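One-letter residues, chain by chain:
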Amino acid sequence: MILDAGQLRDLGMAVFVAAGVPEAAASSVVDALVLAELDGLPSHGFSRIPFYTDQALSGKVNAAAVPEVSTPAPASVLVDARNGFAFPAIDAGFARAVPLAKRYGVAVLGVTRSHHCGVVGLYAERLAGEGLVSLIFSNTPAAMAPWGGSRASFGTNPLAFGCPREGRHPLVIDLSLSKVARGKIMAAKQRGESIPEGWALDAQGRPATDPAVALGGTMIPVGDAKGSALALMVEILAAALPGANYAFEASSFFEAEGPAPGIGQSFILIDPAPLNPGFAPRLEALCGQMLAQEGVRLPGERRFALRERNRQAGVDIPDALYVDLRKRAGLA
């Protein structure tokens with residue numbers, strides 16, 4: 001079913017409100033999921049709604065949570081998401097941290113007792129829109145073994161970097177530290193499709209192409225031992241730093257029962273102007289040197305192009321998912 005952005009938002013809001021999620025929290029979540037769909041990232045878009053709303057209904061997510069924001073140091077912000085959705089907690093943190101970054105030149109934001117935060121690159125884009133360079137980290141439930149090990153200790157642990165550019169789309173680097181995001185395997189399972197060999201291993205450490213088998217095993221880190229080391233870094237920054245659950249302590253994003261995941265996110269916000277008033281032209285010199293080479297495309301450009309195309313043409317939501325969402329919203 002092809003839906004435009006407005007229709008997507010209306011449907012998403014109807015589903016969350018029907019599940020008892022307050023309108024303000026629902027709006028924060030749905031806006032992020034619509035952008036993920038527009039950007040061609042369905043694994044982090046509307047395919048997540050059944051899991052989110054089932055957890056809201058079961059109480060695994062405290063859908064009515066009001067984030068608690070504190071400033072424990074002049075340029076440090078801590079948000080307790082109170083086991084609610086991550087999106088409104090991060091919004092509340094940005095409201096406090098962005099002005100501090102502009103005042104002091106740098107600010108650090110940590111979010112604890114949080115949940116799945118969607119596409120981390122979207123936060124980098126937002127901060128770039130404020131003129132800030134950013135580094136963003138999130139841990140996720142255990143899905144990846146440390147290099148040389150056999151038991152999952154880390155999540156796929158996404159990270160992002162964002163950088164403003166004058167008169168152009170920001171530079172956004174967004175990557176998961178597994179070879180692919182776990183959500184892609186979940187989406188393949190929903191569609192009844194196999195996955196390529198090299199994405200994941202089964203519980204015995206053998207290559208898996210059945211997404212159900214892969215979800216019961218472990219993800220393969222990007223860059224092998226280097227990716228595993230980066231996942232450790234993200235685990236420390238996203239969980240240990242704000243006092244959140246480690247990946248191996250967190251419950252699944254995909255199951256309605258059990259305790260809240262309680263994971264964490266951290267954000268480093270930097271105003272480049274105090275360090276270098278000529279930052280913008282220096283950045284363009286680097287980008288220009290790269291783009292002068294045939295075949296080079298800056299990270300994030302494909303996503304921005306897809307967003308524009310999908311705003312015009314609409315987004316194709318799988319029929320089974322569309323029917324399920326309408327039923328959940330009481331529209332069927």
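These numbers come from a predicted model, not from an experiment.

Calculation criteria
- Residues numbered from 1 in each chain as written.
- Predicted model: local features only at pLDDT ≥ 70, side-chain atom pairs only at ≥ 80, totals over all residues.
- Heavy atoms only, no water.
- Pairing = 2+ DSSP bridges.
- Helix = DSSP H or I, 4+ residues; strand = E, 2+ residues; numbered from the N terminus.
- Right-handed = clockwise from strand over helix to strand, strands pointing away.
- Salt bridge = Lys/Arg side-chain N within 4 Å of Asp/Glu carboxyl O.
- Buried < 20%, exposed > 50% of the residue type's maximum accessible area, 1.4 Å probe, protein only.
- Patch = residues over 30% accessible without salt bridge, like charges linked within 9 Å, V, L, I, M, F, W, Y side chains within 5 Å.
- Areas by Shrake-Rupley, 256 points an atom, 1.4 Å probe, with all protein chains shown as cover.
- Lys, Arg positive; Asp, Glu negative; His and termini not counted.
- Charge placed at Lys NZ, Arg CZ, Asp CG, Glu CD.
- Axes fitted to C-alpha atoms, helices over the stretch in contact; angles between N-to-C directions.
- Parallel < 35°, antiparallel > 145°, perpendicular 65-115°, else oblique.
- Contact = heavy atoms within 4.5 Å.
- Disulfide = S-S within 2.5 Å.
- Core = buried A, V, L, I, M, F, W, Y, C linked by side-chain atoms within 4.5 Å.

> In this structure, what is going on with the sheet that holds strand E9 (residues 207–208)? I would like to understand it.
Taken in spatial order, the three strands make up an open sheet running E9-E8-E10, and their pairing is antiparallel. Of all the strands in the sheet, just E9 and strand E10 (218–219) have a single pairing partner and so form its edges. Sheet topology places strand E8 (residues 200–201) next to E10; two bridges connect them, and they run antiparallel. Paired with Leu201 across the two strands is Thr218, which belongs to E10.

> Help me out: how do you make sense of the pairing of strand E3 (residues 76–80) in this one?
Consecutive side chains of a regular strand alternate in pointing toward one face of the sheet and then the other. Bridge analysis of strand E2 (residues 68–73) against E3 gives four bridges, and the strand direction is antiparallel. Bridging across to E3, Ser70 finds its partner in Leu78. If you look at the hairpin formed by E2 and E3, you'll find two residues sitting between the two strands. Where E3 and strand E4 (residues 106–114) come together, five bridges link them in parallel fashion. Within E4, the residue paired with Ser76 across the bridge is Val108. After leaving E3, the chain enters helix H4 (residues 86–104) and then returns to the sheet as E4, a path that is right-handed.

> It is not clear to me how the pattern of salt bridges should be interpreted in this structure. Could you clarify?
Note that side chains of opposite charge can pair when their charged atoms are close. Under the defined criterion, the tally for this structure stands at 15 salt bridges. Of the charged contacts in the structure, one is a salt bridge between Asp54 and Arg328, with a shortest N-O distance of 2.8 Å. With Asp54 in helix H3 (residues 49–58) and Arg328 in helix H11 (residues 319–328), this residue pair connects regions lying 274 residues apart in the sequence. Relative accessible area serves as the criterion here: at 26%, Arg328 is assigned to the partly exposed category. As a salt-bridge pair, Arg307 and Glu125 come within 2.8 Å of each other at their nearest N and O atoms. Of this pair, Arg307 sits in helix H10 (residues 301–313) while Glu125 sits in helix H5 (residues 120–129), and the two are 182 residues apart along the sequence. Within this structure, Asp39, Glu125, Arg303 and Arg307 form a network of salt bridges that share partners.

> Honestly, a positive patch on the surface in this entry has me stumped. Any pointers?
A grouping of Lys184, Arg297, Arg302 and Arg309 is seen on the molecular surface, where their side chains present a positively charged patch. Along the chain, the position of Lys184 falls in helix H6 (residues 182–191). Residue Lys184 is classed as partly exposed on the basis of its relative accessible area, which comes to 41%.

> Can you walk me through the packing of H5 against H10 in this structure?
Running from amino to carboxyl end, H5 crosses H10 at an angle of 90°, the nearest separation of the two axes being 13 Å. Here H5 lies roughly perpendicular to H10, going by the angle between them. Listed contacts from H10 to Gly121, Leu122 and Glu125 of H5 are Arg303, Phe304 and Arg307.

> What is the right way to look at the environment of Gly217 in this model?
Within the fold, Gly217 resides in the loop between helix H7 (211–215) and E10. Judged by relative accessible area, which is 13%, Gly217 ranks as buried. With 175 residues separating them in the primary sequence, Gly217 and Pro42 have C-alpha atoms 22 Å apart. With residues near it in sequence (within four places) discarded, Gly217 still touches Ala143, Leu201, Asp202 and Ala203.

> When you look at the state of the cysteines in this model, what are you seeing that I'm missing?
Here, disulfide denotes a covalent bond that connects the sulfur atoms of two cysteines. On inspection of all chains with the given rule, the structure shows zero disulfides. Here Cys163 is not cross-linked by a disulfide; its sulfur's nearest cysteine counterpart is in Cys287, at 7.4 Å. You can call Cys163 buried: its relative accessible area is 2%. Given a relative accessible area of 2%, Cys287 falls into the buried group.

> What should I look at first to understand the pairing of strand E11 (residues 263–270) in this one?
Judged by how many residues are buried, E11 sits mostly within the fold: six of eight residues are covered. Two elements, strand E5 (residues 133–138) and E11, share six bridges in a ladder whose sense is antiparallel. Counterpart to Ile136 in the pairing with E11 is Phe267.

> What should I look at first to understand the nonpolar core in this one?
Soluble globular proteins tend to bury their nonpolar side chains together. Of all hydrophobic cores here, the largest spans 56 residues; its most connected members are Phe16, Val21, Phe46, Phe85 and Phe267. Among the elements that line this core, the one with the most residues is H4, at nine residues. Those residues in contact with Phe16 that lie beyond four places of it in its chain are Val21, Ala26, Val29, Val30, Leu33, Ile49, Tyr52, Thr53 and Phe85. Counting residues in each nonpolar core, the second largest holds 24 residues, with Met144, Phe154, Ile185 and Val234 among its members.

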